[in-house]
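Each chain, written out:
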Amino acid sequence: MQAVYNSLEKINFLSARNFFAFMPSVQIPQEVARIRDRLREADYSGSWLLETGVPALRDFILQLKNAGEHLLGANVHRLWAQCLQAEILDYYARYDDALQVLEEDGRKLARALQRRDLLSDKDKPLLRQQLWTVSFYSHCYYRQERYQKAEELLKLVRRELDTRLPVSQDEPSFGLRARVAYSLGQVYRQMGSVGPARREFLSSVEFTRKRLESKLEKHKDNHLVRLREQKFANYVTAKVFSFGLTWAANNEGSLQRARGSAGAGFTLFLSTRDEVHTAYAKVMYAQILRSLAPPTRATGSVSLDLQEALTLLAPLAELDSPLRLVPRFLMRARYEYARALLLAGRVSDAESVARDLHEKSQQQPRHFVNSGVLLLRTLSEANRLDDAVSVSDTLVAKAENHRLEGAILAEIKISRAELLMKLPAVDFDQIDQCLSEAENLARENPVSRAVCALHRARWRALQGQIDKATQELRKWEQMGKTIENGLLRQMAKEISTQVEGLESVLRITPEDLERGTKLDGVIDMVHRWAIGRLYSRFGDAYKDEQNVQELLGYGKGAVTTWEKKLNYFPGGKRQRRSKSEQE
C-alpha cells in the first residue's frame, strides 16, 4: 500500500496520459488524507481511526463505486481505500470485518493472479494496487490459521513483483516488497520454521531501508514529509525486531541476540503512538528475560532477570491493560506471566492464570493448546498427575479434531512425553513415539530439537540404558553450545546427574537390608540392576541367550522371570496379562 501512498502525493497522477486528459481525477477527501497520514505516522491513539476513520473510508469507497469509470484512477483508489479500511479493522482485531471488506476483490484478484491474467504492465499503478490487495487478502487467511494458503498467495505476489515490477526499474515497489516479506515471515513463524522466517524478516528490514532512502531523497526539501516517512520506517522496523527477529533468535536459543532485538523493537515503538503494540513489545522483551533465567528451585532465589520479567508482565496481564483491545495479545501476556510465575516457583498462582486462560480459549484451538500445555506442566509440577493426564488427553483430541500441525503439535507431544515419564507405570513405547513425532515436527526449530534430545536422555536413563542416555546428552552438548535458555541448561544439569547416578556400580546400604522385604528386596534390586545393565549394553538384543550368558552367566529364562516379578521391561515390551488377571 505504501507504493500507492506515494502516488497519492500527486492527486492527478494519471492525468498526464493524453487519452485520459478529458476525465476528472479522484479527489481525496480531507478526512481520508488524515487517515492515510495517521497510519503513516503509526498514530493509533484514541479510537478515532476505528470510530471515524473506518466510516469515512466506507463512504469514500461507495462514492468511487458509484462513479465507476467516470473518474480517472477510481479503481486504484477504491482498492487502496479498502486496504486502509482492512488494515485498521485488523489492528483492532476485527478480523471478520476486515475479511468482508476485502473478500470480493481479494478472491477475484487471487484467482486472476493464479491464472497470470492481471492487468498488463502498461497500467502499473493499478497492477501495484491489485498486488497490495492480494497481500492484504492473504493476511485474512493468516488470521484464520490457514498458513499454507497465505504462503501460496504471498509467493504469487512476489512472483509478479519480480516479473512485472522488477527492482531494476524506476518503480521497484520497495514498500510492497517489505510487506510481502514481513507477511511471509509471520506465516513461517506460526509454522515454526526458524530459518525461513528470519530470512523474510531480514528482507523486510532491508526493503524498508531502501524505501526510506528513496523517500528521503525524493522529499529532501519537505521536512514534514521526511519526518512522516522516518516514523513509518521506524514503525515497520519495530514490528520486525519485536515480533519477528526476537522470535527467531529465541527459538534458536540465542537469547542475548533475542534480547537485543526485543530491546531495539521496544525502543522504536516508544517513539510511536501505538499503545497496543508498544505494550506487546514489552511482553516480548519480558519473555526473553524469563527464558534467560534459571528456575528458582535450582537457585533458591528469584534471579534479577526473572524478577524484571514478573514486574513487566504483572500489569500487562491485567484485564484492563492496554492489550485488552486485542484479545490474543492479552492472552499472550497472561500466558507469559503464568510461565514466569511457574519458573519462580509460584505454582498455585501459575495454575490459576493458566486454568483461566484454558477455560476462556475453548473456541481458539492454538490458544487453547498453548494454555493447556502450560496448565499440564503446572499440574505436573504440583504432582497432580491424574489431572495432568486428563488435560493431556484433551489436548491430543483437540489436535486431531482441528488437524493442528507444526510447532504447536510438537509441543503437545513433548509435554505428553514429559508427563508419561513422571507416571508410576512408565510406558516406554509411548514416550518413544511422542518424542519421535515431536522431533519430526520440530526439525526446523533448534530449541525444540534440543528439548527432545534431553528428554530422550531422561527416557534412556529410566530404562537403565546408561550408554544410550550418555549419547543423547552428547547430542545436547553439541546443540547446547548456542542455546542460552536457563531452564534447558538446568534440565540438562539434572539429567546429567541422573545418568551419572546410574553408573555400573550397584550400591546397597544397610537400610536396604532392614526393609520389610529383607534380603529378598535386595535380591530384587540386584535383578533390576542386572536387567538395566543388559539393556544398556545390548539394547533390544539384551535377552539374546549369548548376551545374557556373557554378562550374567544365566540363561534368558531367568531374566524373563525377573522382569515379570518386577514388572520391569526396559524395552517397553510388557507382558500381556490374561483376561482373568485383567478382571
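Going by the structure above, here's the rest.
Residues numbered from 1 in each chain as written. Predicted model: local features only at pLDDT ≥ 70, side-chain atom pairs only at ≥ 80, totals over all residues. Heavy atoms only, no water.

What follows deals with the packing of helix α4 (residues 74-91) against helix α5 (residues 95-115). One can describe the packing of α4 onto α5 by two numbers: an axis separation of 8 Å at closest approach and a directional angle of 160°. Viewed along their axes, α4 and α5 adopt a mutual orientation that is roughly antiparallel. Of the two elements, α4 crosses α5, and the hand of that crossing is left-handed. Two secondary-structure elements touch here, α4 through Arg78, Leu79, Gln82, Cys83, Gln85, Ala86, Leu89 and Asp90 and α5 through Tyr95, Asp97, Ala98, Val101, Leu102 and Asp105. Per-class residue counts for the contact of α4 with α5 are 8 nonpolar, 2 polar and 4 charged. (Axes fitted to C-alpha atoms, helices over the stretch in contact; angles between N-to-C directions. Helix = DSSP H or I, 4+ residues; strand = E, 2+ residues; numbered from the N terminus. Parallel < 35°, antiparallel > 145°, perpendicular 65-115°, else oblique. Left-handed = near helix turned anticlockwise from the far one by under 90°. Contact = heavy atoms within 4.5 Å. Nonpolar A, V, L, I, M, F, W, Y, C, P; charged D, E, K, R; others polar.)

Taken together, the side chains of Ile508, Val526 and Trp529 define a hydrophobic patch exposed on the protein surface, amounting to about 210 Å² of accessible area. Looking at the secondary structure, you find valine 526 in helix α25 (residues 518-538). (Patch = residues over 30% accessible without salt bridge, like charges linked within 9 Å, V, L, I, M, F, W, Y side chains within 5 Å. Areas by Shrake-Rupley, 256 points an atom, 1.4 Å probe, with all protein chains shown as cover. Salt bridge = Lys/Arg side-chain N within 4 Å of Asp/Glu carboxyl O.)

Here the structure, examined in full by the defined rule, presents 41 salt bridges. Measuring nitrogen to oxygen at the nearest pair gives 2.5 Å for the salt bridge that ties aspartate 356 to arginine 334. Of this pair, aspartate 356 sits in helix α16 (residues 347-360) while arginine 334 sits in helix α15 (residues 327-343), placing them 22 residues apart in sequence. Between glutamate 472 and lysine 475 there is a salt bridge; the shortest N-O distance is 3.5 Å. Here lysine 475 and glutamate 472 lie together in helix α22 (residues 466-480), a separation of 3 residues that amounts to about one turn. The structure contains a network of salt bridges with shared partners spanning Arg116, Arg159, Glu160 and Arg164.

Moving on to the state of the cysteines. A covalent bond between the sulfur atoms of two cysteines is referred to as a disulfide. As enumerated under the stated definition, the model contains 0 disulfides in all. Free cysteine cysteine 83: the closest other cysteine sulfur is in cysteine 140, separated by 9.8 Å. The structure places no disulfide on cysteine 452, whose sulfur is separated from the nearest cysteine sulfur, that of cysteine 434, by 10 Å. (Disulfide = S-S within 2.5 Å.)

Positioned with a positive phi, alanine 42 is a non-glycine residue whose angle comes to about 55°. Within the secondary structure, alanine 42 sits in the loop between α2 (30-40) and α3 (48-67). Non-glycine residue serine 173 carries a positive phi angle of around 55°. With respect to the element layout, serine 173 can be found in the loop between α7 (147-164) and α8 (174-191). Residue classification places serine 173 among the buried positions, given a relative accessible area of 6%. (Buried < 20%, exposed > 50% of the residue type's maximum accessible area, 1.4 Å probe, protein only.)

Another point: the packing of α7 against α8. The geometry of α7 relative to α8 is characterised by a closest axis approach of 10 Å and an angle of 155° between their N-to-C directions. In this view, α7 runs roughly antiparallel relative to α8, as classed from their interaxial angle. In this structure, the crossing between α7 and α8 has a hand that is left-handed. Contacts from Tyr147, Ala150, Glu151, Leu154, Lys155, Val157, Arg158, Leu161 and Asp162 in α7 reach Leu176, Arg177, Val180, Ala181, Ser183, Leu184, Val187, Tyr188, Gln190 and Met191 in α8. Of the residues assigned to the contact of α7 with α8, the class counts are 12 nonpolar, 2 polar and 5 charged.

Looking at the element boundaries, alanine 388 is found in helix α18 (residues 385-401). Alanine 388 gets classed as buried once you look at its relative accessible area, which sits at 0%. In the structure, alanine 388 is positioned 15 residues away from valine 373 in sequence and 9.4 Å away in space, judged by C-alpha atoms. Here alanine 388 is in contact with Leu376, Leu379, Ser380 and Leu419, once residues within four sequence places are set aside.

Moving on, we get to the packing of aromatic side chains. Evaluated as defined, the whole model comprises 13 aromatic pairs. Taken together, a centroid distance of 3.9 Å and an interplanar angle of 10° make the contact between tyrosine 44 and tyrosine 91 stacked. Of this pair, tyrosine 44 sits in the loop between α2 and α3 while tyrosine 91 sits in helix α4, and the two are 47 residues apart along the sequence. For the pair shown, tyrosine 44 and tyrosine 91 are each scored as buried. Taken together, the ring pairs connect Tyr44, Tyr91, Tyr92, Tyr235, Phe243, Phe269, Tyr280 and Phe329 into an aromatic cluster. Residue placement shows arginine 34 over the ring face of tryptophan 48; its charged tip is 4.2 Å from the ring centre. In this arrangement the basic side chain of lysine 398 is found over the ring face of phenylalanine 368, its NZ or CZ atom lying 4.7 Å from the centre. (Phe/Tyr/Trp six-rings, centres within 6.5 Å; stacked < 30°, edge-to-face > 60°. Lys NZ or Arg CZ within 6 Å of the ring centre and 35° of its normal.)

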